[in-house]
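# Architecture and fold: a report
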Amino acid sequence: MSFLLSKLTSKKEVDQAIKSVAEKVLVLRFGKDNDPVCLQLDDILAKTSHDLSKMAAIYLVDVNKVPVYTQYFDISYIPSTVFFFNGQHMKVDYGSPDHTKFVGSFKTKQDFIDLIEVIYRGAMRGKLIVRSPIDPKNVPKYDLLYQGI
Amino acid sequence: MGLFYCPLCRLTAFTGRRHLYSSSHQQRLREVLGRLQAKVQLARKMIKNAVVVKYEVGEHEQLFWCLCCKQEVKRHLSHGSLTVLHGGLLQHMASLEHKKEANKFWWENKADAKIKQQFLISPEDYERFKSSLVKALDAYEEKEDEVIKEMASHIREVEQSRQEVLHAVLEPQTGTEFCDESSAFSTPGGRKSDITIITEEQLGPSAIQITPDLDWMEGNHALTFIGHQESEGKGNVHTGAKPPWLMQDEEEFESKQQIGPSYEEFLKEKEKQKLKKLPADRVGANFDHTSQTGEGWLPSFGRVWNQGRRWQSRHQFKAESGKERVSQRKTGKRPKSELQ
């Protein structure tokens, strides 16, 4: 967990964040503060948050506190990171089966910075889905199990 | 004479069997037999050197029409994942039924007896084909084995280098973490035995991917799983359900307070963006709309009939405007704007 990143603890706060962050990419990390992979990810997010302050706003969300969102985004693995721009959910093709969120941690800070930049540029051009610049080797692999959709 | 129906030309001849010797019938025979002959020639080449290839669904399910037996026959022989090219054709042509049918066809259609032999595969030819086929199969198997062995050695190398790296990383770490590492070792060991059974194409990419992944993503298979998100009737992002931040159940009142000014801000932002598109060196581009102008911006305070110094009328004006403001505050009206 990082003491430098703000945390959102209720559905109302998350709604507020989504609706109010304007002209910047909104990064919501869904996870738990004491999970090791979450800690890794939070570290990267905290270190890059200042450099990306003009392009992105980063918040941490505990999955236990917002069950509505956990169910809506079908978050089965933590950490999962969801991106928004001007209230619109941004989808990114990482080469993994789920484009709606990024599961796991990033390998380097530069990967995260590149991803934010690609999302920002895509959003400025009006794209709702962009292709991730991260090497598929560095994207964590997981099994996506659908349950009768 | 009587009527005679020729199935090859698909016409009824009023001259009876005489039709069979006519030039049109013979020409048709030649054409049709020529087409079949081309296929048979290709197959004959296989008698001496049989070719075994990997089975491909679209390619190797082809059928050919055998004239004599009047049925479609498989051209290639496939079994499991391998195909013998033109095996089906050879097998069919060597069979006894086909020989009988061929004889019948030749007699009925009065075709050229000399070329009949080319459409039959003699038993000796078939035996030769079978022996060359056995040789080809052996050679294919050997090749497969070689490739698999190569893959296995590559995997072993990769595994070796990975273990070296892990050992190097392990040294500074404490003993408690050692049990985690050993469990991580056992899973790739199990995986490797499965891999050797699968075909070589799947081996390639998975073998290459193992090393870089396991180097830094030790926690990969330790990505915490927090259970399937069961939302029975509600739907989620994959099904395109309504997102939670757009749902407006209990928060109407509070949200109204917040949305009010932000909507105005949004409109202002839109205006500003439109202004950005205008040329930057137009007149009044740096006009500051937010600066407040006092009431005394005009040099004259409107005292036409006054005599005396300007500052006196200025005093008068200020005194009067001070009173007005006070009175207007009491009534709650907004002062008239003097801008623009």
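Above: the structure in question.
These remarks concern the structure in this document. Nothing here was measured: the structure is a model prediction, and the numbers come from that model.

Rules used throughout
- Once a new chain begins, its residue numbering starts again from 1 and follows that chain's sequence as written.
- Lettering of chains starts at A and numbering of ligands starts at 1, both following the order in which they are written.
- Local features are withheld for residues below a pLDDT of 70 in this predicted model, meaning they are given only at 70 or higher, and side-chain atom pairs are given and counted only at 80 or more; totals for whole chains, interfaces and linings count all residues.
- Heavy atoms from the whole structure form the basis of all side-chain values; hydrogens and water molecules are not counted.
- Here, nonpolar core refers to any group of buried Ala, Val, Leu, Ile, Met, Phe, Trp, Tyr and Cys residues whose side-chain atoms link them within 4.5 Å.
- Exposure categories follow from relative accessible area, calculated using a 1.4 Å probe and restricted to protein chains: below 20% of the type maximum is buried, above 50% is exposed, and the middle band is partly exposed.
- Helix and strand assignments follow DSSP, with helices taken as H or I runs no shorter than four residues and strands as E runs no shorter than two, numbered in order from the N terminus.
- We call two residues in contact whenever any of their non-hydrogen atoms come within 4.5 Å of each other.
- Any two cysteine sulfur atoms within 2.5 Å of one another count as a disulfide.
- In this scheme Phe, Tyr and Trp rings, the latter by its six-membered ring, pair at centre separations within 6.5 Å, and the angle between planes marks the pair as stacked below 30 degrees, edge-to-face above 60, and tilted otherwise.
- For helices, the fitted axis covers only the stretch in contact; all axes are lines through C-alpha atoms, and the angles between them, taken along N-to-C directions, range from 0 to 180 degrees.
- Take the far helix as the reference: if the near one is turned anticlockwise from it by less than a right angle, the crossing is left-handed, and if turned clockwise, right-handed.
- By definition here, a helix of n residues has an expected span of 1.5 Å times n minus one.
- Strand pairing is defined by DSSP finding a minimum of two bridges between the two strands.
- Distance and chemistry together define a polar contact, namely a pair of N or O atoms within 3.5 Å, with one atom able to donate a hydrogen and the other to accept it when in protein, and with adjacent residues in sequence counting only for side-chain atoms on both sides.
- Summarising the geometry, the arc corresponds to the directions from the helix axis toward the C-beta atoms.
- Here, a salt bridge means any Lys or Arg side-chain nitrogen found within 4 Å of an Asp or Glu carboxyl oxygen.
- In this analysis a 1.4 Å probe is tested at points of a 1 Å grid over the protein atoms alone, and where it fits but cannot get out there is a cavity; an open set with protein on both sides within 12 Å along at least five of seven lines is a pocket; lining residues have an atom within 4 Å of a point.
- Grid points are joined across faces, edges and corners, and a volume is the space filled by probe spheres set on the points.

### Section: the nonpolar core
Residue and element names in this part refer to chain B. In terms of nonpolar packing, the biggest core is built from 38 residues, with Leu33, Phe64, Leu67, Leu90, Phe105, Trp106 and Phe129 touching the most fellow members. Elements supplying a minimum of two residues to this core: strand E1 (4-6), helix H1 (23-48), strand E4 (63-66), helix H3 (87-94), helix H4 (96-109) and helix H5 (123-170). It is H1 that provides the largest number of residues to this core, a total of eight residues. Ignoring anything within four residues of it in the chain, the contact list for Trp106 reads Leu33, Cys68, Ala111, Asp112, Ala113, Ile115, Lys116 and Phe119.

### Here we look at the state of the cysteines
Residues and elements named next belong to chain B. One pass over the structure, following the stated rule, counts zero disulfides over all chains. A disulfide-free cysteine, Cys66 has its sulfur positioned 3.6 Å from the sulfur of Cys69, the nearest such atom. Cys68 forms no disulfide, and the closest cysteine sulfur to it belongs to Cys66, at a distance of 4.4 Å.

### A look at the packing of aromatic side chains
Taken as a whole and assessed by the stated rule, the structure comprises 18 aromatic pairs over all chains. Aromatic side chains Phe73 of chain A and Phe84 of chain A sit 6.1 Å apart centroid to centroid with 75° between the ring planes, which places their arrangement in the edge-to-face category. Here the residue Phe73 of chain A occupies a position in the loop between helix H3 (67-72) and strand E4 (77-78), and Phe84 of chain A occupies one in strand E5 (residues 80-85), the gap between them amounting to 11 residues. The residues Phe73 of chain A and Phe84 of chain A share a single accessibility class, namely buried. Taking 5.1 Å as the distance between ring centres and 55° as the angle between the ring planes, the aromatic pair formed by Tyr77 of chain A and Phe225 of chain B counts as tilted. In this pair, Tyr77 of chain A sits in strand E4 while Phe225 of chain B sits in strand E8 (residues 224-225), so the two residues belong to two different chains. Each residue in the set Phe30, Tyr69, Tyr72, Phe73 and Phe84 of chain A together with Trp245 of chain B is aromatic and connected to the rest through ring pairs, giving one cluster.

### Some thoughts on the packing of helix H2 (residues 36-49) of chain A against helix H4 (residues 109-124) of chain A
Residues and elements named next belong to chain A. Where H2 contacts H4, the two axes come as close as 10 Å, and the packing angle between them is 65°. By crossing handedness, the relation of H2 to H4 is classed as right-handed. Facing Ile44, Leu45, Lys47 and Thr48 of H2, the residues of H4 in contact are Lys109, Phe112 and Ile113.

### Some remarks on H2 of chain A
Residues and elements named next belong to chain A. With 14 residues, H2 extends 20 Å from end C-alpha to end C-alpha; this agrees with the ideal 20 Å at 1.5 Å per step. Every buried residue of H2 is listed here: Val37, Cys38, Leu41, Asp42, Ile44, Leu45, Ala46 and Thr48. Contacts from the buried residues of H2 go to strand E2 (25-31), strand E3 (56-62), E4, E5 and H4.

### Observations concerning unusual backbone geometry
The omega angle of the peptide bond from Ile78 of chain A to Pro79 of chain A is 0°, so this bond is cis rather than trans. Along the polypeptide, Pro79 of chain A turns up in the loop between E4 and E5. Phi is positive for Arg10 of chain B, close to 55°, though the residue is something other than glycine. Position of Arg10 of chain B among the secondary structure elements: in the loop between E1 and strand E2 (11-13).

### Some words on the sheet that holds strand E3 (residues 52-54) of chain B
All names here are of chain B. On the basis of which strands lie adjacent, the open sheet formed by three strands has the order E3-E7-E6 and antiparallel pairing. Strand pairing shows two members of the sheet lacking a second neighbour, E3 and strand E6 (77-79), which therefore form its edges. Each adjacent strand pair in this sheet contributes to an overall mean axis angle of 30°, direction not counted. Note that E6 and strand E7 (residues 82-84) share three bridges and pair antiparallel. Within E7, the position partnered with His79 by the bridge is Leu82. Strands in contact with H5 are E3 and E7; relative to E3, the strand with the most contacts, it is inclined by about 45°.

### What to know about the environment of Trp106 of chain B
Position of Trp106 of chain B relative to the elements: it lies in helix H4. At a separation of 2.6 Å, a polar atom in the side chain of Trp106 of chain B contacts the main-chain carbonyl oxygen of Asp112 of chain B.

### Things to note about the pairing of strand E6 (residues 88-93) of chain A
Residue and element names in this part refer to chain A. Looking at chain direction, E5 and E6 are connected through three bridges and run antiparallel. Note that in E6 the partner of Phe84 across the bridge is His89. Linking E5 back to E6 in an antiparallel pair, the connection comprises two residues, with Asn86 at a positive phi of about 55°. Bridge count for E6 against strand E8 (residues 129-131) is three bridges, and the pairing is parallel. Counterpart to Lys91 in the pairing with E8 is Ile129.

### A short note on helix H1 (residues 11-20) of chain A
All names here are of chain A. For H1, the complete set of buried residues consists of Lys11, Val14, Asp15, Ala17 and Ile18. All buried residues of H1 lie within an arc of 160° about the axis, which places them on one face of the element. Contacts from the buried residues of H1 go to strand E1 (6-8), E2, E3, H3 and E5.

### What to know about the pattern of salt bridges
Side chains that differ in sign of charge can pair as their charged atoms come close. Counted by the stated rule, this structure contains 13 salt bridges over all chains. Lys47 of chain A is the salt-bridge partner of Asp43 of chain A, the closest N and O atoms lying 3.3 Å from each other. Separated by four residues within a single helix, Asp43 of chain A and Lys47 of chain A lie in helix H2, roughly one turn from each other. Residue Asp43 of chain A is classed as partly exposed on the basis of its relative accessible area of 37%. The partly exposed category is assigned to Lys47 of chain A, whose relative accessible area is 48%. Here Arg162 of chain B ties to Glu159 of chain B by a salt bridge, and the two come within 3.3 Å at their closest N and O atoms. Within this pair, Arg162 of chain B and its partner Glu159 of chain B are both found in helix H5, separated by three residues, close to a single helical turn. Glu159 of chain B carries the same exposure label as Arg162 of chain B, and that label is buried.

### Section: empty space enclosed by the protein
Residues and elements named next belong to chain A. Under the definition given, this model contains four cavities of 30 Å³ or more. When its volume is computed, the second largest cavity comes out at roughly 50 Å³. Every element with two or more residues in the lining of the second largest cavity is listed here: E1 and E3. Looking at the lining of the second largest cavity, the element that brings in the most residues is E3, giving three residues.

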